[in-house]
Amino acid sequence: MAVPDLRPCRRFPGILPIIAAVPLVLASLVGCGVVAGDQQPTPIPTSVVAEKPTYQVQRGDVILQTSLTGSVVPINPSVLSFKVDGRLKTLNVQVGDAVKKDAILAQLDIADLTQSLNAAQFTLDQDQVKLANSQKVTEFALRTAALELDVKQVALAKLQSTGASTYDLQIARDEVELAQVQVDELKSSVDTEAQGAVARDRTVVDQVNSDIEGRTIRAPNDGVVTTIAGKFQPGVTVTAFQTAIELGDPAQVEIAAELPPPASAFQIGQPATVSASRLPDKTANATLRKGEGSSGGDSSAPSPRFSFDNTVLQLKPGETASLSVVLARETNVLWLAPNGIRSFMGRTFVVLNDGGVEKRVDVELGTKTSDRVVVRQGLAEGQVVIGP
């Protein structure tokens, strides 16, 4: 028996344990059935293709509407302001207060004018007393002269009845004439100096009163306070002719609301429905009376106005109202869900299933809402569109 040559092992002492382990590894692999010929490939899962949504062309009504939030305001309110700058002294009302005509709603500081008015009124009173005394003296003299005239007239009549001489009659006539002249002079006599003083005094009093009115806001008519300017409170400095208070008739109201862009989508006369949160089961019809940027006959109304019949809701100035405005209404038209319509490079089209082949068809659209788009041309009722 030949002895194996172990010289290579001596040259590589670390290889001997590896050679010894090889049979053991092969045996374990055979025991586990891992043999190259018995291996099975791992199957690759087949991808599931999602089914595309479809949308059917239908016939019906398409109504485009938008919701707005507005505030109830008086129709043609009285916009009130001071005529001069000054410091606000008193504010006598709050929003919602009912006031009577000529009631003082607010007033600036008038302490200086009050002193001037008292002085002017005192002077006027004194001069009026002087004028009255002068008029009394004149009236007494006039009564005396009138009595003297009566006496002279009686004397003349007596002479005429007794056949007095021409000379005596002439003297009597002259005396009557002189008495008449005295009466006439007294009737026309006026204390011009006293009258002039009174007139000047009254002018001063009127001017001070006018200045006080310039610092006062009065109610021009019966109504309800609907608006008070922000930060309008005693102690603040007020600018002349700046809106301070608005007064309106609570029975004559409309709704002010800002229109979302584009404003051109809203036209005068556009119908709407108005409701209020406190009356969830009630609505009223409304109409756009004044649009964005138009005066509508009311320069004091900066925002659009909706008129409505308030007999049902009985809304009050200051209340919040909800408006549903119909922008467009098309009846008995073809419509399609917006998700079925595609656009690319300025082309608007849909995809139809034509014998198992997808076919693009151009369409002309009309009014669009959140769930319906009017199809004017390109499709027929009942056709099924493939979504993207």
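**Notes on the overall build of the protein chain**
The helix and strand tally for the protein chain stands at 5 helices and 21 strands. Across the 388 residues in the protein chain, those meeting the buried criterion constitute 31%. Relative to all contacts within the protein chain whose residues are 6 or more apart in sequence, the contacts with residues 24 or more apart total 73%. Accessible area of the protein chain: about 24900 Å², with a carbon and sulfur share of 55%.

**Considering helix 5 (residues 192-214)**
With 23 residues, helix 5 extends 33 Å from end C-alpha to end C-alpha; this agrees with the ideal 33 Å at 1.5 Å per step. Listed in full, the buried residues belonging to helix 5 are A194, A197, V198, D201, V205, V208, I212 and G214. Where helix 5 is buried, its residues contact strand 6 (104-108), helix 3 (111-162) and strand 7 (216-218).

**What to know about the nonpolar core**
One broad trend across soluble globular proteins is that nonpolar side chains are buried collectively. Core analysis: the largest hydrophobic core is formed by 21 residues, its most contacted members being V274, F306 and L323. For this core, the secondary structure elements donating two or more residues are strand 2 (58-74), strand 11 (253-257), strand 12 (271-276), strand 13 (279-290), strand 14 (305-308) and strand 15 (320-336). When residues of this core are assigned to their parent elements, the largest contribution, 4 residues, is made by strand 13. Setting aside residues no more than four positions away along its own chain, L323 makes contact with T66, S67, L68, I255, A257, A272, T273, V274, A286 and F306. Formed by 16 residues, the second largest nonpolar core is a distinct cluster that contains V93, V99, I217 and V238.

**Some thoughts on the pattern of salt bridges**
Using the criterion set out here, one finds 12 salt bridges in the structure. With a shortest N-O distance of 3.7 Å, E148 and K152 are connected by a salt bridge. With a gap of 4 residues between them, E148 and K152 both fall in helix 3, about one helical turn apart. Under the relative-accessibility criterion, K152 is labelled partly exposed at 22%. In this structure, E330 engages R376 in a salt bridge whose closest nitrogen and oxygen atoms are separated by 3.0 Å. Of this pair, E330 sits in strand 15 while R376 is found in strand 20 (residues 373-377), placing the two residues 46 residues apart along the sequence.

**Description of the sheet that holds strand 10 (residues 245-248)**
Read across the open sheet, the 4 strands follow the order 3-10-8-5; overall the sheet is antiparallel. Bordering the open sheet on either side are strand 3 (78-80) and strand 5 (98-99), each of which pairs with just one other strand. Here 2 bridges tie strand 5 to strand 8 (residues 223-228), and the two strands are oriented antiparallel to one another. Within the sheet, the bridge partner assigned to A98 lies in strand 8 and is V224.

**Looking at the packing of helix 3 against helix 5**
Where helix 3 meets helix 5, the closest approach of the two axes is 9 Å, and the angle between their N-to-C directions is 160°. Compared by their axis directions, helix 3 and helix 5 come out roughly antiparallel. Two packed elements cross with a definite hand, and for helix 3 against helix 5 that hand is left-handed. Contacts from L113, S116, L117, A120, Q121, T123, L124, D127, Q128 and L131 of helix 3 reach helix 5 at A194, Q195, A197, V198, D201, R202, V204, V205, V208, N209, D211 and I212.

**Focus: the sheet that holds strand 6**
Pairing in this open sheet of 4 strands is antiparallel, and the strands run 7-6-4-9 from one edge to the other. In this open sheet, the two edge strands, each paired with only one partner strand, are strand 7 and strand 9 (237-238). Relative to strand 9, strand 4 (residues 86-91) is paired through 2 bridges, and the arrangement is antiparallel. Residue pairing for strand 9: G86 is matched across the bridge by V238.

**A look at the environment of L352**
Here L352 is to be found in strand 17 (residues 347-354). Under the relative-accessibility criterion, L352 is labelled buried at 11%. If near-sequence neighbours (up to four positions away) are discounted, L352 is found in contact with V357, E358, K359, V361, L379, Q383, V384, V385 and I386.

**Remarks on the packing of aromatic side chains**
Under the counting rule described, the total for this entry stands at 1 aromatic pair. Sitting above the plane of the F349 ring, R347 keeps its charged end 5.1 Å from the centroid. Between the NZ or CZ atom of R372 and the centre of the ring of W335, over which it lies, the distance is 4.1 Å.

**Looking at helix 4 (residues 166-188)**
Relative to the 33 Å expected for 23 residues at 1.5 Å per residue, helix 4 spans 33 Å between its end C-alpha atoms, a close match to the ideal helical length. Along helix 4, the positions that sit buried rather than exposed are L169, A172, V176, A179, V183 and L186. Packing partners of the buried residues in helix 4 comprise helix 3.

**Focus: the pairing of strand 12**
With burial as the criterion, only one face of strand 12 is covered, namely that bearing A272, V274 and A276; the residues P271, T273 and S275 on the opposite face remain uncovered. As defined by bridge partners, strand 12 adjoins strand 13 across 6 bridges and the pair is classed as antiparallel. Residue V274 lies in a different strand from strand 13, and its bridge partner there is A284. Counted between consecutive antiparallel strands, the loop separating strand 12 from strand 13 contains 2 residues. The pairing of strand 12 with strand 15 spans 4 bridges and is antiparallel. The partner of A272 across the bridge, within strand 15, is V325.

Rules used throughout
Starting afresh in each chain, residues are numbered from 1 along the sequence in its written order. Given that the model is predicted, a residue must reach a pLDDT of at least 70 before its local features are reported, and side-chain atom pairs must reach 80 or more before they are shown or counted; all residues, however, enter totals for whole chains, interfaces and linings. To obtain the side-chain values, all non-hydrogen atoms of the structure were used and water was disregarded. Starting at the N terminus, helices and strands are each numbered in turn, a helix being any DSSP run of H or I of at least four residues and a strand any DSSP run of E of at least two. When a residue's accessible area, from a 1.4 Å probe over protein chains only, is under 20% of the maximum for its type it is buried; when over 50% it is exposed; and in between it is partly exposed. Any two residues whose heavy atoms approach within 4.5 Å at even a single point are treated as in contact. Where accessible areas are quoted, they stem from the Shrake-Rupley method and a 1.4 Å probe; at the residue level, only the protein chains shown are allowed to cover. The span one expects for a helix is its residue count, reduced by one, times 1.5 Å. Here, the term nonpolar core denotes a set of buried Ala, Val, Leu, Ile, Met, Phe, Trp, Tyr and Cys residues that are joined through side-chain atoms within 4.5 Å. Any carboxyl oxygen of Asp or Glu within 4 Å of a side-chain nitrogen of Lys or Arg constitutes a salt bridge here. A pair of strands counts as paired when DSSP detects no fewer than two bridges linking them. Note on definitions: angles span 0 to 180 degrees between N-to-C directions of axes, and those axes are lines fitted to C-alpha atoms, for helices only across the stretch in contact. For classification purposes, an angle smaller than 35 degrees is called roughly parallel, one larger than 145 roughly antiparallel, one from 65 to 115 roughly perpendicular, and anything else oblique. Crossing chirality is assigned from the near helix's rotation relative to the far helix, an anticlockwise turn below a right angle marking it left-handed and a clockwise turn marking it right-handed. For this analysis, a ring pair means two rings from Phe, Tyr or Trp (six-membered ring only for Trp) whose centres lie within 6.5 Å, classed as stacked if their planes differ by under 30 degrees, edge-to-face if by over 60, and tilted for the remaining angles. Criterion for a charge above a ring: Lys NZ or Arg CZ within 6 Å of the ring centre, and within 35 degrees of the ring normal.

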